[in-house]
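Below are the chains, spelled out letter by letter.
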Amino acid sequence: MKLFLVRDTSGEGAGFTVFNESAYPKYKVSVHTDRTKQKIIISDSSDYTVSEIVHKNLVIEHFSVRCGGRLYVLVPYIKNCFTFMIYGSTYRFAGDIAAGRFSLFDVDKSPVMTQKKCWSRFGSGFELEIYYTAQEIFALSAAICAAMYNSVSETSPLLSE
C-alpha cells in the first residue's frame, strides 16, 4: 500500500498529514515541543492514537517509539550515510535518511517499507510503499522519525537533489 507523508504547517502543534492513494487523510501527526524533548503523536482519522514518539537529544539523540504494545528505540547512526540503528526489533535500514530515500528490511531481508521523495497532488513530500499492513504503524513511525531528524538537523531532503 502507498501512503504519502506531507509536512503540515497549519495550526499549533502541526507536523504532518499522511494521505492514502485516494487522496484521503489517513493519519494526522502532531508535534509538541518543550525544553528537553519533542512528543510526536500519530492519530488515525477517528483521533485514536496509534503511535507515540518521543525525541530526546540529551546524552545521545534518539527516538522512542511506542506502537502496537511495543517499544522501539531509533538512534541516528553515521557510517557512509545517515541511518538509524533500531533497538527492540529485527528491522534494519538501508539507504540515506538525509537524502530522504531509504528502505526498511526485516531480518530475513524481506522489504517492510521503502521511502522516496515525491511531488504529488498533495505537494512536496515522501511516498511510502508499505508491504505488510501489520507493519504499517511502525514503518510510518520510522519515516516520521527520519523526517523529524532531518528537520531538527536543519537539512531538508525535500529541497535537496
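Residues numbered from 1 in each chain as written. Predicted model: local features only at pLDDT ≥ 70, side-chain atom pairs only at ≥ 80, totals over all residues. Heavy atoms only, no water.

Draft legend 1. Focus on the pattern of salt bridges. On inspection of all chains with the given rule, the structure shows five salt bridges. Put simply, Glu127 and Lys2 hold a salt bridge, and the shortest N to O gap is 3.4 Å. Taken together, the residues Glu127 in strand 12 (residues 123-130) and Lys2 in strand 1 (residues 2-7) connect sequence positions 125 residues apart. Salt-bridge contacts for Lys39 lead to Glu52; the nearest nitrogen and oxygen are separated by 3.9 Å. Taken together, the residues span a long stretch of sequence, with Lys39 in strand 4 (residues 37-44) and Glu52 in strand 5 (residues 49-57) at a distance of 13 residues. Residue Lys39 is classed as partly exposed on the basis of its relative accessible area of 33%. Relative accessible area serves as the criterion here: at 32%, Glu52 is assigned to the partly exposed category. Members of the salt-bridge network, linked through shared partners, are Lys2, Lys116 and Glu127. (Salt bridge = Lys/Arg side-chain N within 4 Å of Asp/Glu carboxyl O. Helix = DSSP H or I, 4+ residues; strand = E, 2+ residues; numbered from the N terminus. Buried < 20%, exposed > 50% of the residue type's maximum accessible area, 1.4 Å probe, protein only.)

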